[in-house]
Amino acid sequence: MSTSLIGSLQTFPHGVHPEEYKELSCNRRIERMPFVELYTLPLSQHIGAPSKVVVKEGQKVRRGEMIAEPGGFVSVGLHSPVDGVVHAIDLFDHPNGQVLPAIQIRTDRFSTQQLQLKPVPPEEMTTAGFIKAVQWSGMVGMGGAAFPAHVKFSIPEGKTCKHLMLNGCECEPFLTCDHRVMVEYAEELIDGTRILARFVKPEKVYIAIEANKPDAITLIREKAAEMDFAIEVVPLEVKYPQGAEKMMISAILGEEVPSGKLPLDVGVLVSNVGTAVAMSQYFRQGLPLIERVITVSGTALKRPSNMLVPIGTPMRDVVDYCGGITVPSPRILLGGPMMGMVQKNLDVPVVKGTSGILALTDHEVRDLDTYSCIRCGRCLDACPLFLNPALLGMLSRKGLWEEMEENHIMDCFECASCSFVCPSGIPLVQSFRVGKAMIRERKAK
Ligand code: SF4
Ligand code: SF4
């Protein structure tokens, strides 16, 4: 892969241009979601081992108090989003469709919900102390994958972080929460970046922002110029999936992360802009990850908004607060329309990995009839990893899992660019999920 320039903007080769729909919410200031009666906090809101409960039913808890500690190295702490009482520790519906252990907190109606927290100064910390602090703060990557941040920040022996990249691309249609975070929390973003840079010691720091956020680009450039260390703000072409780590590295450095390797294998650490803001809030104010900014949008929603929501808030309450749904049977999605998950049940909580709740009409979500492949090659031109989606789709339909693996299906990160452009309506990405699951299952056996 090589960096290509379109106009004066850097980007990666291939990719697609879905309609953006960002105008619905990009100018809406972040609003704080009012406190509700009951919060449900799943113990698995991150990739890795579930958190371990450290409270009992009936116990009073303070807002920001730890209620579950990390259940291993690849795991994080969990904190109460409100002053209240532990109402139940039981199995509850999770937004991933499963029923999983969670802690329910009933809000203390008479509490002012004032935080009583102390800063955690990073200045005198060792790197090991920093990693532990990030883990116990409950922090995960805020881009949606919810990978524990401290694991990502742990640089293995023999590797170095040459380039630190903050990801403010937000290339999924409809989503505007990262955009608003950059505009409204620019100082915290720079501060969190500086804290992270102190420990991972990059030679160079970049903040990558798609060119459709000119206000964020200007503001962050101004703030970055006031700092005593160099940050380059890089405007990137508006193209999906520009915010995928490997695509961002390709766009900025012109370098390919080889198949099966991670960004650190080419000396790059990528973190979401929201994660950097959360870092600043934790180290400067002591605020663990008990709330996050999400976009609530879609043409079937009355009042598209960007909301600061306590983790554990029922999605139905958030949607109702945004005026509710305007059509009889909307399609609800968690995250963006390209990689988001269809959600049938709104009685599940906002979790750390929730970046958006979308309510769409039939106009944006069409169930296409499926036809045979016409060998048009559009999917090949769309795939940012230069895979052959038409071939992989055919192999999946025939159950040829070994052949799929030989054709690098495990590199596919399910961006859905191929499905998006397919004129035959072939559900390519769905068939890849099946193929990948079968390959993993066979390997596990
Ligand atoms: S879903 Fe996979 S195969 Fe399809 S375009 Fe994205 S990376 Fe390529
Ligand atoms: S885009 Fe669809 S129809 Fe065209 S080659 Fe790919 S799978 Fe076949």
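The text that follows walks through the structure, step by step, so that each part is easy to find. Bear in mind the structure is a predicted one, so any value in this text is a computation, not a measurement. (Residues numbered from 1 in each chain as written. Chains lettered and ligands numbered in written order. Predicted model: local features only at pLDDT ≥ 70, side-chain atom pairs only at ≥ 80, totals over all residues. Heavy atoms only, no water.)

**Some remarks on the sheet that holds strand β5 (residues 52–53)**
Right, on to step 1. If you trace the 3 strands from one edge of the open sheet to the other, you get β5-β7-β8, paired in antiparallel fashion. Looking along the sheet, the strands with just one partner apiece sit at the ends: β5 and β8 (78–79).
Right, on to step 2. Note that strand β7 (residues 66–69) and β8 share 2 bridges and pair antiparallel. What sits directly across from Met 66, in β8, is His 79. (Pairing = 2+ DSSP bridges. Helix = DSSP H or I, 4+ residues; strand = E, 2+ residues; numbered from the N terminus.)

**Quick look at the packing of aromatic side chains**
Right, on to step 1. Scanning the entire structure with this criterion turns up 5 aromatic pairs.
Right, on to step 2. Relative to Phe 153, the ring of Phe 130 has its centre 6.3 Å away and its plane inclined at 15°; by these criteria the two rings are stacked. Of the two residues, Phe 130 is situated in helix α1 (residues 127–136) and Phe 153 in helix α2 (residues 149–153); the sequence distance between them amounts to 23 residues.
Right, on to step 3. What makes Phe 130 buried here is its relative accessible area of 0%.
Right, on to step 4. An aromatic cluster is present here, built from Phe 130, Phe 153, Phe 199, Tyr 282 and Phe 283 joined pairwise through their rings.
Right, on to step 5. Above the face of the Phe 12 ring, Lys 239 is positioned so that its terminal group lies 4.3 Å from the ring centre. (Phe/Tyr/Trp six-rings, centres within 6.5 Å; stacked < 30°, edge-to-face > 60°. Buried < 20%, exposed > 50% of the residue type's maximum accessible area, 1.4 Å probe, protein only. Lys NZ or Arg CZ within 6 Å of the ring centre and 35° of its normal.)

**A short note on empty space enclosed by the protein**
Right, on to step 1. In this structure the tally under the stated criterion is 1 cavity of 30 Å³ or more.
Right, on to step 2. Space inside the largest cavity adds up to approximately 110 Å³.
Right, on to step 3. In this structure, the largest cavity is lined by 14 residues; those nearest its centre are Cys 383, Leu 387, Cys 412, Cys 415 and Cys 418.
Right, on to step 4. Elements that contribute at least two residues to the lining of the largest cavity include exactly α12 (417–421) and α13 (428–444).
Right, on to step 5. Considered class by class, the residues forming the lining of the largest cavity number 12 nonpolar, 1 polar and 1 charged. (1 Å grid on protein atoms, 1.4 Å probe; cavity = no way out; pocket = protein on both sides within 12 Å on 5 of 7 lines; lining within 4 Å. Points joined across faces, edges and corners; volume = space filled by probe spheres on them. Nonpolar A, V, L, I, M, F, W, Y, C, P; charged D, E, K, R; others polar.)

**Comments concerning the packing of helix α3 (residues 177–184) against helix α5 (residues 214–225)**
For any two helices packed against each other, the geometry is given by the interaxial angle and the distance between the axes.
Right, on to step 1. The geometry of α3 relative to α5 is characterised by a closest axis approach of 9 Å and an angle of 35° between their N-to-C directions. Note that α3 runs across α5; the crossing there is left-handed. For the pair α3 and α5, the contacting residues are His 179, Met 182 and Val 183 in the first and Asp 215, Ala 216, Leu 219 and Ile 220 in the second.
Right, on to step 2. Tallied by class, residues from the contact of α3 with α5 come to 5 nonpolar, 1 polar and 1 charged. (Axes fitted to C-alpha atoms, helices over the stretch in contact; angles between N-to-C directions. Left-handed = near helix turned anticlockwise from the far one by under 90°. Contact = heavy atoms within 4.5 Å.)

**Here's the deal with the site of ligand 2**
Right, on to step 1. Residues in close proximity to ligand 2 include Cys 373, Ile 374, Arg 375, Cys 376, Gly 377, Cys 379, Ala 390, Cys 422, Pro 423, Ser 424 and Ile 426, which together make up its full environment.
Right, on to step 2. Residue classes in the shell around ligand 2 are distributed as 8 nonpolar, 2 polar and 1 charged. (Near = heavy atom within 4 Å.)

**Brief notes about the side chain of Gln 343**
Right, on to step 1. Considering the arrangement of structural elements, one finds Gln 343 in the loop between β18 (341–342) and β19 (356–360).
Right, on to step 2. When near neighbours in sequence (up to four residues on either side) are disregarded, Gln 343 contacts Pro 95, Ile 332, Leu 333, Leu 334 and Val 348.

**Quick word on the site of ligand 1**
Right, on to step 1. By nearness alone, 13 residues border ligand 1, and Cys 383, Cys 412, Cys 415, Ala 416 and Cys 418 come closest of all.
Right, on to step 2. Mapped by element, the contributors of at least two residues to the shell around ligand 1 are α12 and α13.
Right, on to step 3. For the shell around ligand 1, a count of residues per class yields 11 nonpolar, 1 polar and 1 charged.

**A short note on the sheet that holds strand β9 (residues 84–93)**
Right, on to step 1. In space, the 4 strands of this open sheet follow the order β4-β10-β9-β6, with antiparallel pairing throughout. Bordering the open sheet on either side are β4 (38–42) and β6 (60–61), each of which pairs with just one other strand.
Right, on to step 2. Pairing of β6 with β9, which is carried by 2 bridges, proceeds in the antiparallel orientation. Bridge pairing in β9 places Lys 60 opposite Val 85.

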